[in-house]
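A look at the structure
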Amino acid sequence: MDRTHLSVLEREIAHLKSLADRAMAQLDDREFFTPLDSQSNSVANLVKHVAGNARSRWTELLTSDGEKPDRHRDREFEIGEDDTREALLEAWEDGWRRFRDALAPLSDADLARTVTIRTEPHTVLHAIVRQIGHYGQHVGQILMMAKHLRGTTWQTLSIPKGESQAWIGRARPHPGETV
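These remarks concern the structure in this document. (Residues numbered from 1 in each chain as written. Predicted model: local features only at pLDDT ≥ 70, side-chain atom pairs only at ≥ 80, totals over all residues. Heavy atoms only, no water.)

**Considering the pairing of strand 1 (residues 114-117)**
What you see with strand 1 is a clean split: Val115 and Ile117 sit on the buried side and Thr114 and Thr116 on the side with no burial. For strand 1 and strand 2 (residues 120-123), the ladder comprises four bridges, and the chain directions are antiparallel. Across the sheet, residue Val115 finds its bridge partner in strand 2, namely His122. Where strand 1 folds back onto strand 2 in an antiparallel hairpin, the turn is made up of two residues, including Arg118, whose phi is positive at roughly 55 degrees. (Buried < 20%, exposed > 50% of the residue type's maximum accessible area, 1.4 Å probe, protein only. Helix = DSSP H or I, 4+ residues; strand = E, 2+ residues; numbered from the N terminus. Pairing = 2+ DSSP bridges.)

As structure tokens, then:
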């Protein structure tokens with residue numbers, strides 16, 4: 001594994017964030033805070049959770065446990081009066097920035113170093129892949145919820161149904177994506 005491979009992971013991280021951002025942009029404030037049912041999280045909850053997780057994991061990546069003592073994970077699934085859409089999206093941006101900033105200076109040798117998450121050892125590479133999987137799950141939830149909440153007004157973030165053949169062989173990104 002080297003910086004070339006790490007750049008692929010960095011692009012995947014950017015892609016995940018872009019998907020979530022474009023889905024959330026389609027939601028009004030009511031939808032942003034609406035869970036699908038009493039046992040589900042709202043998009044707002046997922047944003048708060050990913051932001052809290054990213055702040056914890058990517059602050060001092062190489063020098064402290066990825067589960068910071070000041071993180072209160074359970075509170076990430078509660079929406080308080082200070083949790084406005086603007087405040088949550090600010091924390092969301094900060095978390096993704098911390099992720100990108102933590103990866104930027106890594107050397108080839110750093111990828112094999114050991115870091116801890118909840119005292120469990122991981123190589124830096126494993127910690128990155130673990131988080132991409134974790135964030136991917138939540139991005140998928142955000143997309144599914146946004147699509148459900150928007151109904152017929154949903155604007156697809158991928159190739160529209162029935163248009164796959166038109167996209168075969170085209171050397172360009174999916175609708176709404178940048179390279």
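Back to the text.
**Some details on unusual backbone geometry**
Unusually for a residue other than glycine, Arg118 sits at a positive phi of about 55 degrees. Along the chain, Arg118 falls in the loop between strand 1 and strand 2. Residue Thr119 is not a glycine yet carries a positive backbone phi of 70 degrees. Mapped onto the elements of the fold, Thr119 is located in the loop between strand 1 and strand 2. Taking relative accessible area as the criterion, Thr119 reaches 68% and is therefore assigned exposed.

**Comments concerning the side chain of Arg71**
Looking at where Arg71 falls in the secondary structure, it is placed in the loop between helix 3 (43-58) and helix 4 (85-103). Side chain to side chain, Arg71 and Glu67 meet in a polar contact 3.0 Å long. For Arg71, the contacting residues outside a window of four places in its chain are His49, Gly52, Asn53, Arg55, Ser56, Arg57, Glu76 and Arg118. (Polar contact = N/O pair within 3.5 Å; in protein donor to acceptor, adjacent residues only side chain to side chain. Contact = heavy atoms within 4.5 Å.)

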